[in-house]
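# Observations on the model geometry
Read off the chains here:
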Amino acid sequence: MAVDIQSPWRIGDVEIPTRVVLAPMAGVSVQAFRRQGRRFGAGLVCSEMVSCAGLHHGNERTLGYLRLSREERPLAVQIFGSDPSLMAEAARMVEDAGADIVDVNFGCPVRKVTKTGAGATLLEDPDRACRIVGAVAEAVDVPVTVKMRRGLENGSRAALAIGPRLVAAGAASLTLHPRSAKQMYTGTADHSLTAELVELVDVPVVASGDVVSRERAQRLLDGTGCAAVMVGRAAQGNPWAVGEIAGAREGEPSREEVVAELVLFMRATAEELGPERATGFLKKFYGWYLGRGRFPKPFKQELVQLETLREVEERLIAAAPGAAAVLARLEGELPAEDDVLLDLPISIYGGG
Ligand SMILES: Cc1cc2nc3c(=O)[nH]c(=O)nc-3n(C[C@H](O)[C@H](O)[C@H](O)COP(=O)(O)O)c2cc1C
């Protein structure tokens, strides 16, 4: 029977309103991105991976990842590391910050992470991986989930061997991105492994990799038995794809909508990261939003050369004047900022 993409499901006792999950993406999944994803129909959003060592040392930028808002819930915060007790400590901080789910990263293929014994390397060190999940699950009351690749080498089936053990250790859901770490983002995700994993475990499995359309999402839901699909790169600068996949909207956005969403995103990001950091951070988003044939290429080049976000905003609105009214409407629909931030037991910004 076809799974209704708009039907709710659960991870532990967390109810998730739709079958679409917004992927954790380092350098992308800021709070503004997650809130936007929820607004467009993602049932669950996830932070980018957060270093447990960074949390342990009280690194200010790392602690900034725990600045969560009401509007994005339900949300997962993802942690990475290789030491079970540090991971447990990090999980407690994540829970205290208000996350509904703690997600553990066993998928990162980047050498900086794998050489420390974290990320995808743990797929080849199942005893340690299980100790980490056990320690984290023991440390918090919220559900603990794991996101993993298929294994390190091409053709690896490590995820299938380790999946049931992770569940036995306490994982309440598994997300599989069935590429090897070696593949990085090349080739295609082999979701026949997702279907095999579904057969092996009695917790919800989330399918990640190459979910780019409603049709692809539905095929995965129906063909693999996964509980939900995860959308990553297709959502970059493209919340409308999330909306389309979630069955909440159809068709390409107008230029006015594109500019209004981008400006809204810029303002929220500037508030979150501070204008200076946001200026550099946002540059990659200009191409993502304005590409896909929406605006001529030189326009993006022009924007990245501008020095301030205000100048970028002005140039954007000048290119699609009707966007100002769309933006005003969108801003009117958002809750007041005071209602947004969770009361953090961890004082990160000293109230600022
Ligand atoms: C820029 C970028 C950053 C990513 N960062 C993370 C991360 O922090 N944690 C994680 O588990 N996966 C991360 N991923 C992997 C994605 O969550 C997802 O599994 C992968 O991109 C496949 O899905 P897609 O084809 O929909 O993009 C990242 C992917 C990209 C493109």
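Fair warning: this is a prediction, and the values are worked out from it, not measured in the lab. (Residues numbered from 1 in each chain as written. Predicted model: local features only at pLDDT ≥ 70, side-chain atom pairs only at ≥ 80, totals over all residues.)

### With respect to the overall build of the protein
- Scanning the protein for helices and strands turns up 15 helices and ten strands.
- In terms of its C-alpha atoms, the protein occupies a principal-axis envelope of roughly 55 × 50 × 35 Å.
- The burial tally for the protein puts 50% of its 352 residues in the buried class.
- Considering only contacts within the protein whose residues lie at least 6 apart along the sequence, 69% involve residues at least 24 apart. (Helix = DSSP H or I, 4+ residues; strand = E, 2+ residues; numbered from the N terminus. Buried ≥ 20, exposed ≤ 12 C-beta atoms within 10 Å, placed from the backbone. Contact = placed C-beta atoms within 7 Å.)

### Describing the site of the ligand
- The immediate surroundings of the ligand are formed by 22 residues, with Ala23, Met25, Met49, Gly232 and Arg233 found nearest.
- Taken together, the residues that form the shell around the ligand break down as ten nonpolar, eight polar and four charged. (Near = placed C-beta within 6 Å. Nonpolar A, V, L, I, M, F, W, Y, C, P; charged D, E, K, R; others polar.)

### Some remarks on the nonpolar core
- Membership of the largest hydrophobic core comes to 87 residues, with the highest contact counts inside it found for Ile79, Val102, Val133, Val136, Val229 and Val231.
- Of all the elements, helix α6 (residues 126–139) adds the most residues to this core, at eight residues. (Core = buried A, V, L, I, M, F, W, Y, C linked by C-beta atoms within 7 Å.)

### Overview of the sheet that holds strand β6 (residues 101–106)
- If you walk across this open sheet you meet the eight strands as β3-β10-β9-β8-β7-β6-β5-β4, and the pairing is parallel. Edge strands, defined here as strands with exactly one partner in the open sheet, are β3 (20–22) and β4 (45–51). Direction aside, the axes of adjacent strands within the sheet are offset by 30 degrees on average.
- Pairing analysis gives five bridges linking β4 to strand β5 (residues 75–80), with the strands arranged parallel. Each residue of the ladder has a partner; that of Met49, found in β5, is Gln78.
- In the packing of helix α4 (residues 84–96) onto the sheet, the strands contacted are β5 and β6, and the crossing angle to β5 comes to about 155 degrees.
- Strands β7 (144–151) and β8 (173–180) of the sheet are contacted by helix α7 (residues 158–169), whose axis makes an angle of about 165 degrees with β7. (Pairing = 2+ DSSP bridges. Axes fitted to C-alpha atoms, helices over the stretch in contact; angles between N-to-C directions.)

### Quick word on the domain arrangement of the protein
- Structurally, the protein comprises domain 1 (17–245) and domain 2 (255–335).
- Relative placement of domain 1 and domain 2: their C-alpha centres are 29 Å apart.
- The interface is formed by nine residues belonging to domain 1 together with ten residues belonging to domain 2.
- Among the elements that line the side of domain 1 that touches domain 2, the one with the most residues is helix α1 (residues 31–39), at three residues. (Domains from an automatic or database assignment.)

### What to know about the packing of α7 against helix α8 (residues 192–200)
- Two elements in contact, α7 and α8, have axes separated by 10 Å at closest approach and are oriented at 25 degrees. One element, α7, and the other, α8, form an angle in the roughly parallel class. α8 is crossed by α7, and the crossing has right-handed handedness. Contacts between α7 and α8 involve Ala159, Leu160, Gly163 and Pro164 from the first element and Leu193, Glu196, Leu197 and Leu200 from the second.
- Of the residues assigned to the contact of α7 with α8, the class counts are six nonpolar, one polar and one charged. (Parallel < 35°, antiparallel > 145°, perpendicular 65-115°, else oblique. Left-handed = near helix turned anticlockwise from the far one by under 90°.)

### Quick look at the packing of α4 against α6
- Between α4 and α6, the least distance of the axes is 8 Å, while the angle of their chain directions is 35 degrees. Crossing angle aside, the handedness with which α4 passes α6 is right-handed. Counted together, Pro84, Ser85, Met87, Ala88, Ala91 and Arg92 of α4 and Arg131, Ile132, Ala135, Val136, Glu138 and Ala139 of α6 form the full contact between these two elements.
- Here the contact of α4 with α6 is composed, by residue class, of eight nonpolar, one polar and three charged.

### Thoughts on α8
- Along α8, the residues classified as buried are Leu193, Thr194, Leu197 and Val198. Here the buried residues of α8 occupy an arc of 145 degrees about the axis, which is enough to place them on one side. The outward face of α8, more than 90 degrees from its buried face, is lined by the exposed residues Ser192 and Glu199.
- Summarising the contacts, the buried residues of α8 are in contact with β7, α7, β8, β9 (205–208) and α9 (214–224). (Arc of directions from axis to C-beta.)

### A closer look at the environment of Val77
- Looking at the element boundaries, Val77 is found in strand β5.
- Overall, Val77 belongs to the buried group, with 26 C-beta atoms counted inside 10 Å.
- Between the C-alpha atom of Val77 and that of Pro24, which follows or precedes it by 53 residues, the distance is 8.6 Å.
- If near-sequence neighbours (up to four positions away) are discounted, Val77 is found in contact with Ser47, Val50, Leu66, Val94, Ala99, Val102 and Asp103.

### A look at the pairing of β8
- Of all eight residues in β8, eight are buried; the element is thus mostly enclosed.
- Taking every second residue as pointing to the same face, both faces of β8 are buried, with Ser173, Thr175, His177 and Arg179 on one and Leu174, Leu176, Pro178 and Ser180 on the other.
- Sheet analysis places β7 next to β8, joined by six bridges and oriented parallel. Residue Lys147 lies in a different strand from β8, and its bridge partner there is Thr175.
- Once you follow β7 into α7 and on to β8, the crossover reads as right-handed.
- Two strands pair when backbone bridges link them, and β8 and β9 are joined in this way by three bridges, in the parallel orientation. Within β9, the position partnered with Leu176 by the bridge is Ala207.
- The parallel pair β8 and β9, bridged by α8, forms a crossover whose chirality is right-handed. (Right-handed = clockwise from strand over helix to strand, strands pointing away.)

### Notes on the confidence of the model for the protein
- On average, residues of the protein carry a pLDDT of 94, and 95% of them reach 70 or more.
- Ignoring residues within four places in sequence, the model shows residues 345–352, a span with pLDDT below 50, making ten contacts including any to other chains. (pLDDT = per-residue confidence, 0-100.)

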